[in-house]
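Each chain, letter by letter, is given below.
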Amino acid sequence: MPCQSNEELESILLEAKQYTSEGKVADYIPALSKANPDDLSVAIFHPDGTCYSAGCIQEKITLQSISKVITLALALMESGEEYVFSKVGYEPTGDPFNSIVKLEMSNPSKPLNPMINAGALAVTHMIKGNSVEERFRKIIDFVKRLSGNEEISYSAEVAKSEFETSHLNRALCFFMKQHGIINEDVEELLDLYTKQCSIEVNCLDLARIGIVFALNGKEPITNKQLMPAQVARICKTFMVTCGMYNASGEFAVRVGIPAKSGVAGGILGAVPNRFGIGISGPALDDKGNSVAGLKLLEILASKYELSMF
Ligand SMILES: NC(=O)CC[C@H](N)C(=O)O
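So, a few notes on the structure that sits alongside this text. (Residues numbered from 1 in each chain as written. Predicted model: local features only at pLDDT ≥ 70, side-chain atom pairs only at ≥ 80, totals over all residues. Heavy atoms only, no water.)

1. Details of the overall build of the protein chain
No. 1: For the protein chain, the helix and strand inventory stands at twelve helices and seven strands.
No. 2: Across its three principal axes, the protein chain shows a C-alpha extent of roughly 55 × 40 × 35 Å.
No. 3: In the protein chain, which comprises 309 residues, the proportion classed as buried is 59%.
No. 4: Sequence separation of 24 or more characterises 68% of the internal contacts of the protein chain that already satisfy a separation of 6 or more.
No. 5: When the accessible surface of the protein chain is totalled, it reaches about 12,300 Å², and 51% of it is carbon and sulfur.
No. 6: In the protein chain, 29 positive and 37 negative side-chain charges are present, and the distance between their average locations comes to 4 Å. (Helix = DSSP H or I, 4+ residues; strand = E, 2+ residues; numbered from the N terminus. Buried < 20%, exposed > 50% of the residue type's maximum accessible area, 1.4 Å probe, protein only. Contact = heavy atoms within 4.5 Å. Areas by Shrake-Rupley, 256 points an atom, 1.4 Å probe, with all protein chains shown as cover. Lys, Arg positive; Asp, Glu negative; His and termini not counted. Charge placed at Lys NZ, Arg CZ, Asp CG, Glu CD.)

2. As for the packing of aromatic side chains
No. 1: Going through the model one piece at a time under the given rule, you end up with six aromatic pairs.
No. 2: Taken together, a centroid distance of 5.9 Å and an interplanar angle of 25° make the contact between phenylalanine 85 and phenylalanine 238 stacked. Placement of phenylalanine 85 in helix H2 (residues 67-87) and of phenylalanine 238 in helix H10 (residues 229-242) is noted, with a sequence separation of 153 residues between them. Accessibility assignment for this pair places phenylalanine 85 and phenylalanine 238 in one class, buried.
No. 3: A centroid spacing of 5.0 Å and a plane angle of 40° characterise the contact between phenylalanine 97 and tyrosine 245, whose relative ring orientation is tilted. Placement of phenylalanine 97 in the loop between H2 and helix H3 (101-105) and of tyrosine 245 in the loop between H10 and helix H11 (248-254) is noted, with a sequence separation of 148 residues between them. Here phenylalanine 97 and tyrosine 245 have matching classes, each one buried.
No. 4: Positioned above the aromatic ring of phenylalanine 163 is the side chain of arginine 170, whose terminal nitrogen or guanidinium carbon lies 4.9 Å from the ring centre.
No. 5: Geometry around tyrosine 19 places lysine 295 over its ring, the cationic atom sitting 4.9 Å from the centre. (Phe/Tyr/Trp six-rings, centres within 6.5 Å; stacked < 30°, edge-to-face > 60°. Lys NZ or Arg CZ within 6 Å of the ring centre and 35° of its normal.)

3. A look at the site of the ligand
No. 1: Contacts to the ligand come from Tyr28, Gln64, Ser65, Phe97, Asn117, Glu162, Asn169, Tyr193, Cys197, Tyr245, Gly262 and Val263.
No. 2: In this structure, an oxygen atom belonging to the ligand sits 2.6 Å away from a side-chain N or O atom of tyrosine 28.
No. 3: At a separation of 2.8 Å, a nitrogen atom of the ligand approaches a polar side-chain atom of tyrosine 245.
No. 4: For the ligand, the protein covers 99% of the area, taking 300 Å² as the surface of the free molecule. (Near = heavy atom within 4 Å. Polar contact = N/O pair within 3.5 Å; in protein donor to acceptor, adjacent residues only side chain to side chain.)

4. Digging into the sheet that holds strand S5 (residues 259-261)
No. 1: Spatially, five strands are ordered S2-S1-S7-S6-S5 in an open sheet, and the strand pairing comes out antiparallel. Across the chains shown, the open sheet's two edge strands, defined by having one partner strand only, are strand S2 (51-55) and S5. Between one strand and the next, the sheet's axes are offset by a mean angle of 10°, whatever the strand orientation.
No. 2: In the sheet, strand S1 (residues 41-45) pairs with strand S7 (residues 275-280) via five bridges, with the strands oriented antiparallel. Looking at S7, one finds that phenylalanine 45 is bridged to glycine 276.
No. 3: Those strands touched by helix H1 (residues 6-17) are S1 and S2, and its axis lies near 40° from that of S2. (Pairing = 2+ DSSP bridges. Axes fitted to C-alpha atoms, helices over the stretch in contact; angles between N-to-C directions.)

5. Describing the pattern of salt bridges
No. 1: Per the counting criterion, the structure on display carries twelve salt bridges.
No. 2: As a salt-bridge pair, aspartate 95 and lysine 102 come within 2.8 Å of each other at their nearest N and O atoms.
No. 3: On the basis of relative accessibility, which here comes to 17%, the residue aspartate 95 falls in the buried class.
No. 4: In this structure, lysine 295 and glutamate 298 form a salt bridge, with 3.9 Å as the shortest nitrogen-oxygen distance. In this pair, lysine 295 and glutamate 298 both sit in helix H12 (residues 291-304), three residues apart, roughly one turn of the helix.
No. 5: For lysine 295, a relative accessible area of 24% translates into the label partly exposed.
No. 6: One connected set of salt bridges, linked through shared partners, spans Glu250, Arg254, Lys295 and Glu298. (Salt bridge = Lys/Arg side-chain N within 4 Å of Asp/Glu carboxyl O.)

6. Brief notes about helix H4 (residues 117-126)
No. 1: Extensive coverage of H4 is indicated by the burial of ten of its ten residues.
No. 2: Listed in full, the buried residues belonging to H4 are Asn117, Ala118, Gly119, Ala120, Leu121, Ala122, Val123, Thr124, His125 and Met126.
No. 3: Of the surrounding secondary structure, the elements contacted by the buried residues of H4 are H2, H3, helix H5 (132-147), helix H7 (167-178) and helix H8 (186-197).

7. Quick word on the packing of helix H6 (residues 156-165) against H8
Between two packed helices, the angle of one axis relative to the other and the distance separating the axes together describe the packing.
No. 1: Running from N to C, H6 and H8 point in directions that differ by 140°, and their axes come no closer than 8 Å. By the criterion of interaxial angle, the relationship of H6 to H8 is oblique. Considering the relative orientation of H6 and H8, their crossing is right-handed. Where H6 abuts H8, its residues Ala159, Glu162 and Phe163 lie against Glu187, Leu190, Asp191, Tyr193, Thr194, Lys195 and Cys197. (Parallel < 35°, antiparallel > 145°, perpendicular 65-115°, else oblique. Left-handed = near helix turned anticlockwise from the far one by under 90°.)

By themselves these figures say nothing about function.
As structure tokens, this is what we get:
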């Protein structure tokens, strides 16, 4: 049973923290550049409700790409597997998360998977509702249920900053609109997507969301099934194959757990049937993953034999 005390986790965190200096905070979304590159925090949430944590655990970050796995779960619940995978594929790309190149090469211009930006935009497009507000409410309410935290909100500053600078994502949307993958107003879709990416969490929230995936959709405190086991299974599979962008293969070898990262420095981990892990560490490597967060997971995985492989 890993990490039976905060002290134990604290010493692992200290070891990993040395690596923060090797990374840089994301600045292509201007508001993210304000993050402190030295921050690192981790939480592990067990099925019996115990939670161990270390570092600046109250520090909030925005979900960014971690939100992609949450909207995927929601879209699968709302529209079903058949519809979702008629618009987005199953395969890893090996390209950076915001790359446009495979969109033109794949036939019929369907994004290769729901974890790259093109695929995530196509999934967010599926979230039903009469307005951006209504659709966003649905997403944020789901994050509240998954994390057991009613206080969850979003950063209007980060959302605006991304909305104003997200020209590559606009290009992906227009390309997909031309090819019939999406059919709504591109500005509205970007408004919704940038808000979803700007939902704020700390490592404790991430660990609690992680355990719901780890326990096949069941929230351990209330025992409520928050998503069907099949939906949790699909999401975890994508976390393994595409969750760490074009570093997913190396991550599977080095760590071997389903995980999803975001450019604000968060990592959500789900150790199947065991526990949820949440990490926040804004300094990123060149592929956009938290550099010290990866190190921390590597240490945890080897120390406690977490790899599923
Ligand atoms: N990798 C990420 O976290 C990317 C999310 C970010 N909002 C974007 O679309 O660029």
